[in-house]
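Okay, here's what each chain looks like letter by letter:
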Amino acid sequence: IESAARERQLLNALNCCHRHGLTEVHDMATDDEDAKTLFKLDREQQLPIKVVLYLKDNSKIFEQSDLFTYNHHQRHYRPKCRVGGIKLFLDGSFGSSTAALIEPYQGDPNNFGILNDKHYLVSTIAEAYRLKLPVAIHAIGDRAVRSAVKMLSSTPPVKNSPPHRIEHAQMI
């Protein structure tokens, strides 16, 4: 999507939320282009409501520190857009038979779903901790939920931040 179209689409969606009484939205898997656009709109004071972004685990947004700064003449402006954390994907979904399970899927004795690379996830959690951001881990199946609990139990909470969390835990 070209940048002008992306801006229009995001502003239309946020204005619709505002018209329906919402004061804040959370985007739980923000791509870098949307994040850049939302920070730009925020610097221009165009956002009608607050926006909390959970960046995808492969985000390069933190390498662009200028996105987090405001011009000195705006120092009294309270930003409406902020990064709330990092979204990690541990497994898939039940619909595609990719949620990670302890027992195989019924009728498919060799399919236990998928479980993303543990070392990559642990290193991403460590990076989130370094950035003082919580993680939200997508874990649907019982094997994924157990793995997420194990990873998070060995990770200290981020001081002055919301806790780490598991999203979509459908089978425990």
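Residues numbered from 1 in each chain as written. Predicted model: local features only at pLDDT ≥ 70, side-chain atom pairs only at ≥ 80, totals over all residues. Heavy atoms only, no water.

### Here we look at helix α2 (residues 32–43)
Part 1: Between its terminal C-alpha atoms α2 stretches 16 Å, which fits the 16 Å expected from 12 residues at 1.5 Å a residue.
Part 2: What α2 keeps buried is the set Asp32, Asp34, Ala35, Thr37, Leu38, Phe39, Leu41 and Asp42.
Part 3: In this fold, the buried residues of α2 make contact with α1 (3–19), β1 (24–30), β2 (50–56) and β3 (81–89).
Part 4: Positioned one or two residues after α2, Gln45 has a phi angle of 55 degrees, which is positive. (Helix = DSSP H or I, 4+ residues; strand = E, 2+ residues; numbered from the N terminus. Expected span 1.5 Å × (residues − 1). Buried < 20%, exposed > 50% of the residue type's maximum accessible area, 1.4 Å probe, protein only. Contact = heavy atoms within 4.5 Å.)

### Notes on the pattern of salt bridges
Part 1: One pass over the structure, following the stated rule, counts 7 salt bridges.
Part 2: Across the pair Glu7 and Lys40 runs a salt bridge, and its minimum N-O distance is 2.8 Å. In this pair, Glu7 sits in helix α1 while Lys40 sits in helix α2, placing the two residues 33 residues apart along the sequence.
Part 3: According to the relative accessible area criterion, Glu7 is buried, its value standing at 18%.
Part 4: Look at Lys40 and you get partly exposed, because its relative accessible area is 29%.
Part 5: Note that Glu33 and Lys36 form a salt bridge whose closest N and O atoms lie 3.3 Å from each other. Placement of the pair is Glu33 and Lys36 together in helix α2, with a separation of 3 residues, close to one helical turn.
Part 6: Among the residues examined, Lys36 registers a relative accessible area of 25% and is labelled partly exposed.
Part 7: Overlapping salt bridges, with partners in common, bring together Arg6, Asp31 and Asp34 in one network. (Salt bridge = Lys/Arg side-chain N within 4 Å of Asp/Glu carboxyl O.)

### A few points about the side chain of Ser147
Part 1: Within the fold, Ser147 resides in helix α4 (residues 142–153).
Part 2: Its relative accessible area of 16% is what places Ser147 among the buried residues.
Part 3: In this view, Ser147 contacts Leu90 and Leu115; residues no more than four positions away in its chain are not counted.

### Quick notes on α4
Part 1: Given a rise of 1.5 Å per residue, 12 residues ought to cover 16 Å, and the 16 Å separating the end C-alpha atoms of α4 matches this to within 8%.
Part 2: Where α4 is buried, its residues meet α3 (118–130), β4 (135–138) and β5 (165–167).

### So, unusual backbone geometry
Part 1: Phi at Gln45 is positive, roughly 55 degrees, even though this residue is not glycine.
Part 2: If you trace the backbone, Gln45 turns up in the loop between α2 and β2.
Part 3: A positive phi angle, close to 60 degrees, is found at Asn160, a residue other than glycine.
Part 4: Within the element layout of this structure, Asn160 appears in the loop between α4 and β5.
Part 5: Residue classification places Asn160 among the exposed residues on the basis of a relative accessible area of 78%.

### Quick word on the confidence of the model for the protein chain
Part 1: On average, residues of the protein chain carry a pLDDT of 89, and 91% of them reach 70 or more.
Part 2: α1 holds the highest mean pLDDT among the elements of the protein chain, 97, whereas α3 holds the lowest, 88.
Part 3: Overall, residues 69–73 carries pLDDT values under 50, and its contacts beyond four positions in sequence, including any with other chains, amount to 6 contacts. (pLDDT = per-residue confidence, 0-100.)

### Observations concerning the environment of Asp34
Part 1: Tracing the sequence through the fold places Asp34 in helix α2.
Part 2: Separated by 25 residues in sequence, Asp34 and Gln9 place their C-alpha atoms 10 Å apart.

### Overview of the sheet that holds β3
Part 1: Spatially, β1-β2-β3-β4-β5 is the arrangement adopted by the 5 strands of the open sheet, whose pairing is parallel. Bordering the open sheet on either side are β1 and β5, each of which pairs with just one other strand. Ignoring strand direction, the axes of neighbouring strands in this sheet form an average angle of 30 degrees. (Pairing = 2+ DSSP bridges. Axes fitted to C-alpha atoms, helices over the stretch in contact; angles between N-to-C directions.)

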